[in-house]
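Summary of structural features
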Amino acid sequence: VFKIGNKSSEKEFFINFNNNIDSAPDFLTKEQQSVFDKAFKIANDYFGCSPELSEEYIAKHTADDLIAEVEAGYTHDYAISMLKAYGYIDENGNLAAISCGRGSDITAAGHYFVPVYSSDNEIVFKVVIIHYHSDNRYFLWYSEESYHMVKTDDGWKFDTFQLWY
């Protein structure tokens, strides 16, 4: 049993070491799942384990090009805030070359998406992540991340999206 806000949910978990990490939640509509897939790819490519922006890319693109690419899954404000936070856009609004790595969470063994709130204009959901210790796979703990989608003039977009691994 886990609790999110005032709602308790019961869910059986088992550790699936072949977990499909990029599957959209099944409670989203097809349109929303498509946006989730785009947001996941963008997050994985630009905000994941090995974010990189090459000098070659910068020579052929502008900051507006990269912002437009990220806006395929995110609101304009969230796209800009994430790109600045990761150092893709400098203090002058220009693209900046970066190459770094953070690694992934090697304790993450699986996840489960939980719907929290839904209306015609917004969706809130969470992911509960199951973790285990590599020395003792029966020692489990849980964490969670929040997601928020809003309906914009350009369709559904995320203004909160975190990778769970």
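Each remark here, short or long, concerns the structure printed above.
About the cut-offs
- Residues numbered from 1 in each chain as written.
- Predicted model: local features only at pLDDT ≥ 70, side-chain atom pairs only at ≥ 80, totals over all residues.
- Heavy atoms only, no water.
- Helix = DSSP H or I, 4+ residues; strand = E, 2+ residues; numbered from the N terminus.
- Contact = heavy atoms within 4.5 Å.
- Axes fitted to C-alpha atoms, helices over the stretch in contact; angles between N-to-C directions.
- Parallel < 35°, antiparallel > 145°, perpendicular 65-115°, else oblique.
- Left-handed = near helix turned anticlockwise from the far one by under 90°.
- Nonpolar A, V, L, I, M, F, W, Y, C, P; charged D, E, K, R; others polar.
- Salt bridge = Lys/Arg side-chain N within 4 Å of Asp/Glu carboxyl O.
- Buried < 20%, exposed > 50% of the residue type's maximum accessible area, 1.4 Å probe, protein only.
- Core = buried A, V, L, I, M, F, W, Y, C linked by side-chain atoms within 4.5 Å.

Notes on the environment of Val124
Relative to the helices and strands, Val124 resides in strand β6 (residues 122-133). Residue contacts for Val124: discarding those within four places in its chain leaves Pro115, Val116, Tyr117, Tyr147 and His148.

What to know about the packing of helix α3 (residues 63-70) against helix α4 (residues 76-85)
Packing of α3 against α4 brings their axes to within 9 Å, and their N-to-C directions diverge by 120°. Relative to α4, the element α3 lies oblique. The handedness of the crossing between α3 and α4 is right-handed. Across from Leu66, Ile67 and Val70 in α3, the residues of α4 making contact are His76, Ala79, Ile80 and Leu83. Among the residues forming the contact of α3 with α4, the class breakdown is six nonpolar, one polar and no charged.

A look at the pattern of salt bridges
Under the defined criterion, the tally for this structure stands at two salt bridges. We note a salt bridge from Asp45 to Lys41, for which the minimum N-O separation is 2.6 Å. Of this pair, Asp45 and Lys41 both sit in helix α1 (residues 30-46), four residues apart, roughly one helical turn. Its relative accessible area of 34% is what places Asp45 among the partly exposed residues. Across the pair Glu144 and Lys126 runs a salt bridge, and its minimum N-O distance is 3.2 Å. Here Lys126 lies in strand β6 and Glu144 lies in strand β7 (residues 136-152), a separation of 18 residues in the sequence. The partly exposed category is assigned to Glu144, whose relative accessible area is 37%.

Observations concerning the nonpolar core
Core analysis: the largest hydrophobic core is formed by 35 residues, its most contacted members being Phe47, Leu66, Val70, Tyr74, Phe125, Phe158 and Phe161. Going through the elements one at a time, α1, α3, α4, β6, β7 and β8 (155-160) are the ones with two or more residues in this core. With seven residues, the single largest contributor to this core is α1.

Scope: geometric values only; no functional claims are made or implied.
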